[in-house]
Amino acid sequence: MNDFKINNNSKIDSGFKIPEDYFGNFSEKVLMKINTPEPKVISIFHKRKTWLSSVAAVLIISLSITLYTKIAVKSMEEKLTLENYITNQSEISQYDLVTLLDTKDIDKIKIDLKLDDTKIEEVLTNSSEIENYLTE
Amino acid sequence: MEEKEFIQNLLNPKTQNEAFQKLLLDYQKPLYNHIRNIVLNHDDTDDVLQNTFVKVFQNLKKFKGESKLFSWMYRIATNEAITFINKKAKKNGTTSEFLQTKIVENLKADSHFDGDAIQIKLQKAIVNLPEKQQLVFKMRYFEEIKYEEMSQVLGTSVGALKASYHHAVKKIEIFMIKD
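Keep in mind that what you see is a predicted model, and the values were worked out from it rather than measured.

Reading the values: the criteria
Residues numbered from 1 in each chain as written. Chains lettered and ligands numbered in written order. Predicted model: local features only at pLDDT ≥ 70, side-chain atom pairs only at ≥ 80, totals over all residues. Helix = DSSP H or I, 4+ residues; strand = E, 2+ residues; numbered from the N terminus. Contact = placed C-beta atoms within 7 Å. Core = buried A, V, L, I, M, F, W, Y, C linked by C-beta atoms within 7 Å. Buried ≥ 20, exposed ≤ 12 C-beta atoms within 10 Å, placed from the backbone. Domains from an automatic or database assignment. Axes fitted to C-alpha atoms, helices over the stretch in contact; angles between N-to-C directions. Parallel < 35°, antiparallel > 145°, perpendicular 65-115°, else oblique. Nonpolar A, V, L, I, M, F, W, Y, C, P; charged D, E, K, R; others polar. Left-handed = near helix turned anticlockwise from the far one by under 90°.

**Observations concerning the overall build of chain B**
Then, in step 1: In terms of helices and strands, chain B carries nine helices and zero strands.
Then, in step 2: Counting from the amino terminus, helix and strand elements in chain B follow one another as α-α-α-α-α-α-α-α-α.
Then, in step 3: Looking at chain B alone, contacts between residues at least 24 apart form 58% of all its contacts between residues at least 6 apart.

**Describing the nonpolar core**
Residues and elements named next belong to chain B.
Then, in step 1: Judged by nonpolar contacts, the single largest core of 40 residues is most densely connected at Leu 31, Ile 35, Val 39, Met 73 and Ala 81.
Then, in step 2: If you list the elements that add at least two residues to this core, you get α2 (16-39), α3 (42-58), α4 (69-91), α6 (117-127), α7 (131-142), α8 (147-154) and α9 (158-177).
Then, in step 3: Residue contributions to this core peak at nine residues, all from α2.
Then, in step 4: Taken together, domain 1 (1-94) and domain 2 (115-179) each give at least three residues to this core, which thus spans both.
Then, in step 5: With near-sequence residues (within four places) excluded, Leu 31 lies in contact with Leu 49, Thr 52, Met 73 and Ala 77.

**Notes on the environment of Gln 100 of chain B**
Residue and element names in this part refer to chain B.
Then, in step 1: Structurally, the position occupied by Gln 100 is in helix α5 (residues 96-105).
Then, in step 2: Sequence-wise, Gln 100 and Asn 41 are 59 residues apart; in three dimensions their C-alpha atoms are separated by 9.9 Å.
Then, in step 3: With near-sequence residues (within four places) excluded, Gln 100 lies in contact with Leu 40, Ile 85 and Val 127.

**Considerations on the packing of α4 of chain B against α5 of chain B**
Residue and element names in this part refer to chain B.
Then, in step 1: Where α4 contacts α5, the axes come no closer than 8 Å and their chain directions differ by 95 degrees. Regarding the angle of α4 to α5, the classification is roughly perpendicular. Where α4 approaches α5, its residues Ile 85, Asn 86, Lys 88 and Ala 89 are matched on the opposing element by Ser 96, Leu 99 and Gln 100.
Then, in step 2: Class assignment of the residues belonging to the contact of α4 with α5 gives a composition of three nonpolar, three polar and one charged.

**Some remarks on the packing of helix α1 (residues 26-35) of chain A against α3 of chain B**
Then, in step 1: Contact geometry for α1 of chain A and α3 of chain B: axes closest at 9 Å, N-to-C directions at 50 degrees. Considered as vectors, α1 of chain A and α3 of chain B are oriented oblique to each other. When the axes of α1 of chain A and α3 of chain B are compared, the crossing they make is right-handed. Of the residues in α3 of chain B, those in contact with Lys 29, Val 30, Lys 33 and Ile 34 of chain A of α1 of chain A are Gln 50, Phe 53, Val 54 and Phe 57 of chain B.

Take a look at the structure:
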């Protein structure tokens, strides 16, 4: 073929054939498809995402509980050791401890007691050690 | 019947069924040819054509009559066909260009294709063109759609469509004289 002009040559058909009777039941096929509700598509990725998040949440919670209890137990143990050491081993006296307290600490250990003046007097007069305290 | 009246019948629940049947009868063949020219094999065309009409029916309420029914339906069909070949290519782990080339190479074995050597060569020439030029050439040459109508379907200016067709024709003519 030396020369080919698409608009001068006789028209070339696409060559595609439509099967016989294809359009015979085409309308019914379409109408059936329209009247059949499409099944709801739930994305597998979305499902997996929720599943993964719940697994992650359970893992985080269980890990944090374990860690928290470990830390709490450890700090309790440390407190006890320190207390035992102070009471039994060290040479720190109560007076030394008192000097270490600042106003905030004192406020914390303050107990709000509403005592009657007559009652205090009564206790003081009945106590035999009162004089010792007073001299001290 | 005027198009406006026909659209009203399509939207009215009382006349909808009858009007939609008419729409199917009027458009099934031209839309089949349009889709077949894009997706190339019959079974895929059947799927896309059914989906096109289902989509047309579902979106009738949204059709505001700003464009012609013809261009609106052709636009839906074109989008459905292009989306279909892209999805099919993705499913096969390849490109739509490669997939289309493979189909054209095997056209001889297709029971729904009865073209001769020249027709096969023309299909091979078309599949080598860029996507837009392929579409413009097929719509103008095989389907004989006017540029003005094509412009409404594809949202491209008439001038740009003419230029696309001209480029496509030149490339096809060169391909056709090659051995």
